[in-house]
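Fold and contact review
Below are the chains, spelled out letter by letter.
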Amino acid sequence: MKDHFTTVIIIRDALIVGNLKLAKWNASFLAKHESDSALASWIMHVDQLRALATKVADAPSLEVATTASAELAVECGRCHAANAVTPVFPTVDRRVPASGFRPHMQRHQWAAEQMWDGLIGPSETRWNDGVAELAETPLGQDSIFTSASATPEITKLATDVHALGAEGRKATSWNERAAIYGRLLTSCAACHAAIPPATR
Ligand code: HEC
Ligand code: HEC
């Protein structure tokens, strides 16, 4: 379980920075995971997990990988719920409410982590804490860039992240939440890929 947890965190964070290759490579390990129980109900969840991991490993695009990763996290949660298990996640302190670009990004990261734990738990508290963190004002284009100029696409992505937080607050089923989470990861990734490091 600990290994699973580490692997899926690597997948999530690789997707956030737009590194599809790294995400796929890690998913390929999870796709080969053997079931460690002969119980039919157990095998069903493991099979589903492997199918979703395979989908990430073979993803032809970032969107496919982000969507399947979020579905995978929900599948972890389904098995936990079925076995009445409540994994205890390490608590990471909420980020300081400082102004500026970096603290804003660090709050995004914190939100993405809480929502993710929410899917895996499953945990209503973690999910709600995460979406609440996205309720702040989107960054203005001046603070996204130090040198390059903002394209309409990038300005839209900055707003999308927060709009998805609002959608996430309204969503009640884990399937809906997974779809929103997949789109959130895509927005993080798309902006990180659109702004080349030299202009950051
Ligand atoms: C087939 C059922 C099943 C699936 C699928 C599953 N889990 Fe679990 N998980 C369990 C059970 C049962 C426990 C409690 C016993 C244990 O720790 O092994 C658990 C415990 C955990 C824990 C707590 C471990 C600890 O030491 O406190 C974490 C974290 C975890 N799972 C993460 C995940 C992640 C991430 C996934 C998806 C990639 C996942 N699990 C998929 C059944 C499952
Ligand atoms: C509108 C564009 C944009 C969006 C959307 C965006 N980011 Fe960023 N992010 C950036 C840029 C640009 C950097 C690079 C900053 C640098 O190199 O100093 C960055 C850097 C980061 C960092 C590193 C911060 C640090 O301390 O150096 C993290 C973490 C991060 N983003 C997380 C996220 C997460 C999670 C999301 C989605 C929920 C997200 N970002 C969405 C533009 C964006």
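Residues numbered from 1 in each chain as written. Chains lettered and ligands numbered in written order. Predicted model: local features only at pLDDT ≥ 70, side-chain atom pairs only at ≥ 80, totals over all residues. Heavy atoms only, no water.

Here His 104 is to be found in helix α5 (residues 101–120). Using a relative accessible area of 3% as the deciding quantity, one classes His 104 as buried. When neighbours within four sequence positions are excluded, His 104 is seen to be in contact with Glu 136, Thr 137, Pro 138, Leu 139 and His 162. (Helix = DSSP H or I, 4+ residues; strand = E, 2+ residues; numbered from the N terminus. Buried < 20%, exposed > 50% of the residue type's maximum accessible area, 1.4 Å probe, protein only. Contact = heavy atoms within 4.5 Å.)

Another point: a nonpolar patch on the surface. On the surface, Ile 10, Leu 22, Trp 25 and Phe 29 cluster together into a nonpolar patch covering about 400 Å² of accessible area. Ranked by residue count, the leading element in the nonpolar patch is helix α2 (residues 20–31), at 3 residues. Structurally, Trp 25 can be placed in helix α2. For Trp 25, a relative accessible area of 54% gives the class exposed. (Patch = residues over 30% accessible without salt bridge, like charges linked within 9 Å, V, L, I, M, F, W, Y side chains within 5 Å. Areas by Shrake-Rupley, 256 points an atom, 1.4 Å probe, with all protein chains shown as cover. Salt bridge = Lys/Arg side-chain N within 4 Å of Asp/Glu carboxyl O.)

All right, on to the pattern of salt bridges then. As enumerated under the stated definition, the model contains 7 salt bridges in all. The partner of Lys 55 in a salt bridge is Glu 71, and the shortest N-O contact between them spans 3.8 Å. With a gap of 16 residues between them, Lys 55 in helix α3 (residues 40–57) and Glu 71 in helix α4 (residues 62–82) connect regions that are remote in the sequence. Ionic pairing is found between Arg 126 and Asp 117, a salt bridge with its closest N-O pair at 2.9 Å. Like Arg 126, the residue Asp 117 is buried in the burial classification.

Glancing now at the packing of aromatic side chains. Evaluated as defined, the whole model comprises 4 aromatic pairs. With centroids separated by 5.7 Å and ring planes inclined at 35°, the aromatic side chains of Trp 116 and Tyr 181 adopt a geometry described as tilted. Here Trp 116, found in helix α5, pairs with Tyr 181, found in helix α9 (residues 174–194); they are 65 residues apart in sequence, far enough to count as distant. Pairing Trp 127 with Trp 174 gives two aromatic rings, centres 6.3 Å apart and planes at 80°, and the pair type is edge-to-face. (Phe/Tyr/Trp six-rings, centres within 6.5 Å; stacked < 30°, edge-to-face > 60°.)

Moving on: the site of ligand 1. With respect to spatial proximity, 14 residues lie near ligand 1, and among them Met 1, Lys 2, Cys 76, Cys 79 and His 80 are the closest. A distance of 2.8 Å is found between a nitrogen atom of ligand 1 and a side-chain nitrogen or oxygen belonging to His 80. Breaking the shell around ligand 1 down by element, the ones donating at least two residues are α1 (2–16), α3 and α4. Top contributing element to the shell around ligand 1 by residue count: α3, with 4 residues. Taken together, the residues that form the shell around ligand 1 break down as 11 nonpolar, 2 polar and 1 charged. (Near = heavy atom within 4 Å. Polar contact = N/O pair within 3.5 Å; in protein donor to acceptor, adjacent residues only side chain to side chain. Nonpolar A, V, L, I, M, F, W, Y, C, P; charged D, E, K, R; others polar.)

So, about helix α8 (residues 152–170). End to end, α8 covers 27 Å across 19 residues, agreeing with the expected 27 Å (1.5 Å per residue, within 8%). Turning to α8, its buried residues number three or more, namely Ile 154, Leu 157, Ala 158, Val 161, His 162, Leu 164, Gly 165 and Gly 168. (Expected span 1.5 Å × (residues − 1).)

Right, let's talk about the site of ligand 2 for a bit. Around ligand 2 lies a shell of 19 residues, among which Arg 102, Met 105, Cys 188, Cys 191 and His 192 are the nearest. Here an oxygen atom of ligand 2 and a side-chain polar atom of Arg 102 are 2.7 Å apart. Within the contact set of ligand 2, an oxygen atom lies 3.0 Å away from a side-chain nitrogen or oxygen of Gln 106. At the level of elements, α5, α8 and α9 are the ones that each hand at least two residues to the shell around ligand 2. A total of 6 residues in the shell around ligand 2 trace back to one element, the largest contributor, which is α5. Its residues placed into classes, the shell around ligand 2 shows 12 nonpolar, 5 polar and 2 charged.

Now for the coordination of the iron atom of ligand 2. Protein ligation of the iron atom of ligand 2 involves Met 105 (SD) and His 192 (NE2), the donor distances falling in the range 2.0 to 2.2 Å. For the iron atom of ligand 2, the 6 donor atoms are set out with angles of 86 to 178° between them, so the coordination reads as octahedral. Residue Met 105 is located in helix α5, and its partner His 192 is located in helix α9; the two are separated by 87 residues in the primary sequence. Under the relative-accessibility criterion, Met 105 is labelled partly exposed at 25%. (Donors = N, O, S within 2.8 Å, 3.2 Å for Na, K, Ca; no water. Tetrahedral: all angles 85-135°; square planar, octahedral: opposite > 155°, others 65-115°.)

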